[in-house]
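Overview (structure and organization)
If you want the building blocks of each chain, they are given just below.
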Amino acid sequence: MKSFSTSIQIDAPAEKVWEVLTDASNWSQWNTTIEKIDGTIAPGNKVTVVTKASPDQAFPLKVTEFIPNQSMVWTGGMPLGLFTGKRTYSINPISEYSSEFSMSEVFTGLMAPLITRSIPDLQPSFDEFASCLKSYAESTAT
């Protein structure tokens, strides 16, 4: 099983971080790891993400869990669970004006040992994503 994770303290309320995180139309304004994202981030919806690390590949994902201002999970992969990537975004309030953001992704399934060999080290992208989210949420918090 291959996985990646990151977390960062953001000097903005959890509601503000959630607002930024769930507004797909603005991701390219603040998120330097994403080429583009299509779709609406909402429960049960599908989104398609193109990353700067793999600009020739689109990743279709489904929002499989969605708890406003707290967490969401995006899931993608192969049929029958042969290979699944599950990305979890979490926001935990620290105070009225501060929160902790964390993001993790776990790859599982029968084909995971073969497929994950070709997945590059995503840790730098995860850390960059968190840093970008922090900068943007803090700069737009009121």
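Here goes a summary of the coordinates provided. Fair warning: this is a prediction, and the values are worked out from it, not measured in the lab.

**Structural notes on the nonpolar core**
- Judged by nonpolar contacts, the single largest core of 36 residues is most densely connected at Trp-27, Trp-74 and Phe-101.
- It is helix α4 (residues 123-140) that contributes the most residues to this core, six residues altogether.
- Every residue in contact with Trp-27, bar those within four places of it in the chain, is listed here: Val-20, Leu-21, Ile-34, Ile-37, Ile-41, Trp-74, Tyr-89 and Phe-129.

**As for the sheet that holds strand β2 (residues 34-38)**
- Across the sheet, seven strands lie side by side as β1-β7-β6-β5-β4-β3-β2; this open sheet has antiparallel pairing. Each edge of the open sheet is held by one strand with a lone partner, namely β1 (2-10) and β2. Put simply, the sheet's adjacent strands are angled 20 degrees from each other on average, direction ignored.
- When strand β6 (residues 84-95) meets strand β7 (residues 98-108), the two strands line up antiparallel, connected through 11 bridges. Its bridge partner being in β7, Lys-86 is matched across the sheet by Val-106.
- On the sheet, helix α1 (residues 14-21) packs against β1, β4 (58-67), β5 (71-77), β6 and β7 and is oriented at approximately 150 degrees with respect to β6.
- Helix-sheet contacts for α4 involve β1, β6 and β7, and the interaxial angle to β1 is about 25 degrees.

**So, the environment of Ile-10**
- Tracing the sequence through the fold places Ile-10 in strand β1.
- For Ile-10, a relative accessible area of 0% corresponds to the buried category.
- Not counting chain neighbours up to four residues away, the residues in contact with Ile-10 comprise Val-17, Tyr-97, Ser-98, Ser-99, Phe-101, Leu-133, Lys-134, Ala-137 and Glu-138.

**Focus on the packing of aromatic side chains**
- In the structure shown here, the tally under the stated rule is 12 aromatic pairs.
- With a centroid separation of 5.1 Å and an interplanar angle of 65 degrees, the aromatic rings of Trp-18 and Phe-66 are classed as edge-to-face. On the criterion of sequence distance, the pair formed by Trp-18 in helix α1 and Phe-66 in strand β4 is long-range, its members being 48 residues apart.
- The exposure class of Phe-66 is partly exposed, given its relative accessible area of 22%.

**Let's talk about the pattern of salt bridges**
- Overall, the coordinates contain four salt bridges when judged by the stated rule.
- Put simply, Lys-16 and Glu-19 hold a salt bridge, and the shortest N to O gap is 3.1 Å. Here Lys-16 pairs with Glu-19, and both are found in helix α1, just three residues apart, close to one helical turn.
- For Lys-36, the salt bridge identified is with Asp-38, shortest N-O distance 3.7 Å.

**Here's the deal with α1**
- For α1, the buried fraction is high: six of the eight residues fall into the buried class.
- Residues of α1 that are buried: Ala-14, Lys-16, Val-17, Trp-18, Val-20 and Leu-21.

**Observations regarding α4**
- The first and last C-alpha atoms of α4 sit 26 Å apart over 18 residues, in line with the 26 Å expected at 1.5 Å per residue.
- Turning to α4, its buried residues are Phe-126, Phe-129, Ala-130, Cys-132, Leu-133 and Ala-137. One side of α4 carries all its buried residues, which in axial view fall inside an arc of 165 degrees.
- Contacts made by the buried residues of α4 are with β1, α1, α2 (27-30), β6 and β7.

Rules behind the numbers
Residues numbered from 1 in each chain as written. Predicted model: local features only at pLDDT ≥ 70, side-chain atom pairs only at ≥ 80, totals over all residues. Heavy atoms only, no water. Core = buried A, V, L, I, M, F, W, Y, C linked by side-chain atoms within 4.5 Å. Buried < 20%, exposed > 50% of the residue type's maximum accessible area, 1.4 Å probe, protein only. Helix = DSSP H or I, 4+ residues; strand = E, 2+ residues; numbered from the N terminus. Contact = heavy atoms within 4.5 Å. Pairing = 2+ DSSP bridges. Axes fitted to C-alpha atoms, helices over the stretch in contact; angles between N-to-C directions. Phe/Tyr/Trp six-rings, centres within 6.5 Å; stacked < 30°, edge-to-face > 60°. Salt bridge = Lys/Arg side-chain N within 4 Å of Asp/Glu carboxyl O. Expected span 1.5 Å × (residues − 1). Arc of directions from axis to C-beta.

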